[in-house]
Structures are given as C-alpha cells and as structure tokens.
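Structural overview
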Amino acid sequence: MGYGLMTRILLLADVHGNLPALDAVLADAESLRPFHLVVAGDVVNWGPQSREVLERLSEVEAHFVRGNNEYYLLDRGTEREPAAWADYTLLPVLLEGLEDWRERIGLWPDFLSLRFPGLPPVLVVHGYPHDPWHGVYETTPPERLQTAMAGWTERILVTAHTHLPLDVTIGGIRVINPGSVGNPLDGDRRAAYAVLEGMDGEWRLSHRRVAYDDTPVMGAFDQIRFEERCGTQAVLVRREWPTAEIQLAAFNRWCAAEHPGVPREGLLERFTDEDRVRHTPPEYLAAARRNRELSSRA
Ligand SMILES: [Fe+2]
C-alpha cells in the first residue's frame, strides 16, 4: 500500500463466534482491497463458532485487540478468575476446545495505536483504555472519556463492546464504534463493520451493513446442544440473533430488580417483551428506533 495515496483500514469488532456474519463482511470488503484489517476484540464466545472465526481471521492476517470475552478465555480456571464467573453457564461450552488459542490470544495487545505518516493517530481498544468491560455511548459524559484518555495523545478512539455503531465527538475526542459483526444489538440484524480511509491528512469513515443467512450459525448452536447444556442463559443468547435486541442482560436486570433472590431458571416464562424493553438501556432502544425510522422511510 503506497503512502501518500490512500490507507484503508477495515474495522471489525464483536464477531462473537458467528462465522457466516464474518464471511459476509469479508466478501463485502473484497471490492475494497487493498486494506489493513483491525479487529477490536470479542472474537470469541456468545456465538458457537469461536474456533472457526479465529481461524478465518488469522487466514486474512487480522490485527487484534483483546475484548472482555477474550479475558474469559484467558483467565478462566486461573487464580485471576472472579468468583462471579461461576454462574456464567455459557463459558464451559463455548470456550471448550480452545486451549491452543489461549497461548496465541495471551499475546494479543489490549490496544493498538495506529500511526501512519501524514494522518492523525488512532487508538483502538475494546471498551475504554485499560478497561474492556465498559463501553462508550453517545451519552457518555465528556469528563469520563477525558479521564480515560488522560496520558494518551490520540484524539480518535476506535472502541467496541456496546455492539452499537457510533461516530460522535465527546469532549474533543472522536469516538468510532464499527458496530458488531456477529451480534448487532440495534434492532438491525445485518452484520456491521466500518471502513476508515486516510487521505489528504484526514480519516474518512463509512459504516456498512451486510445481510447474511444465519442458518449455519443456528445449526452450530444445535450441534453443541446449546440450550440443553447451558440452560436459560443460552435460550436468551440465541434469541438475540433473530431480533438484534438485548435479551440476556435485560433478563438479568429484570430478575435482580423485580425478583431478587428467586432462582432465575424458573423465571424465563414470565419474562415478557415489556419487561425486556423496561430493562434495556436507553441507548439501545434509541438506536433501534432510529433504524426503524430509517427503514420505514426507505
Ligand atoms: Fe461483545
């Protein structure tokens, strides 16, 4: 790639073990060659094809940043594992057979600082710098982001984790989220990614969405007997694919707020769509509303 012409970077994130979504994105990007490929974390878990996704991304020479779901893989069963993970029924099933990948992901960085001649530097993380467990939203207070960016010279932050595409300036920092390849949560089930093109001293961003057939990923859930082995959490995770809406996190909030102390396995049948909406963070409802308005106008 010649400097002074154009530097193109594909931004992918939150693939979450969904191979058909990743393949659809890579096929869509074929016409954009040449490019560099940067993956902002959460390659594994949630979806059933973590290994397949890791292998495909290695084939295409992706550059990785670790997400919180990679931490599940790296810290599980070690002295670093928090006690709360014991209740997380998905982990043993979705991360099984990935032992060989622990070595390789152990070497991934937590951030990438992209520095190209003549272009503004870009910091890539999964959530915040030094914190892959929390995401930046359009509603994030400027002070919070400025505190997190103290000591970093980059004024462009590529972040992920929320599964919501974003391009907003907060407290002088341009925040870009490509959205989620494998598990979008803005009501639009198409795979999301973004393209950064550096030219004439600046970056231009475009968000892209790609429709794909999720039959293979649903079949992979069946193959590992996901619901049978992981219970309620699996039922709710699987529900996220056709709806592109938060299910499990909303259920957990609803249980904690309205049925404290009651065993969660027995509560699923009583969890209504109204309960889900009431316990979904407003940023997700707003994003889904915007998408509905856009598609009704189209
Ligand atoms: Fe994620």
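First, a word on scope: everything that follows refers to the structure included in this document. (Residues numbered from 1 in each chain as written. Predicted model: local features only at pLDDT ≥ 70, side-chain atom pairs only at ≥ 80, totals over all residues. Heavy atoms only, no water.)

A look at the side chain of Asn69
Mapped onto the secondary structure, Asn69 falls in helix α3 (residues 68–75). Residues contacting Asn69, with those up to four places away along its chain left out, are His16, Asp42, Val44 and Asn45. (Helix = DSSP H or I, 4+ residues; strand = E, 2+ residues; numbered from the N terminus. Contact = heavy atoms within 4.5 Å.)

A closer look at the coordination of the iron ion
Protein-derived coordination of the iron ion comes from Asp14 (OD), His16 (NE2), Asp42 (OD) and His163 (NE2), at a distance range of 2.1 to 2.3 Å. In this structure, the iron ion is coordinated by four donor atoms arranged in irregular fashion, with angles at the metal of 83 to 175 degrees. Spacing between the donor residues of the iron ion along their common chain follows D-x1-H-x25-D-x120-H. Note that Asp42 is positioned in the loop between β2 (36–39) and α2 (50–59) and His163 in the loop between β6 (156–158) and β7 (166–170), a separation of 121 residues in sequence. Each member of the pair, Asp42 as well as His163, is classed as buried. (Donors = N, O, S within 2.8 Å, 3.2 Å for Na, K, Ca; no water. Tetrahedral: all angles 85-135°; square planar, octahedral: opposite > 155°, others 65-115°. Buried < 20%, exposed > 50% of the residue type's maximum accessible area, 1.4 Å probe, protein only.)

Some remarks on helix α12 (residues 282–297)
With 16 residues, α12 ought to run about 22 Å at 1.5 Å a step, and its terminal C-alpha atoms sit 23 Å apart, in line with that. Turning to α12, its buried residues are Glu283, Tyr284, Ala286, Ala287 and Ala288. (Expected span 1.5 Å × (residues − 1).)

Considering the pairing of strand β10 (residues 202–210)
Two strands pair when backbone bridges link them, and strand β9 (residues 191–199) and β10 are joined in this way by nine bridges, in the antiparallel orientation. Across the sheet, the residue bridging to Tyr193 is Arg208, located in β10. Hairpin connection between β9 and β10: a loop of two residues separates the two successive antiparallel strands, and Asp200 in this loop has a positive phi of roughly 50 degrees. (Pairing = 2+ DSSP bridges.)

Section: the pairing of strand β1 (residues 7–12)
When a strand is regular, its side chains alternate between the sheet's two faces. For β1, the tally of buried residues reaches six of six residues, placing the bulk of the element in the interior. Neither face of β1 is exposed, since Thr7, Ile9 and Leu11 on one face and Arg8, Leu10 and Leu12 on the opposite face are all buried. Here β1 pairs with β9 via five bridges, running antiparallel. Its bridge partner lying in β9, Leu10 is registered against Val195. Of the strand pairs in this sheet, β1 and β2 are connected by four bridges, and their pairing is parallel. If you follow Leu10 over to β2, its bridge partner there is Leu37. Taking the sense of rotation as the criterion, the β-α-β connection linking β1, helix α1 (residues 19–29) and β2 turns out right-handed. (Right-handed = clockwise from strand over helix to strand, strands pointing away.)

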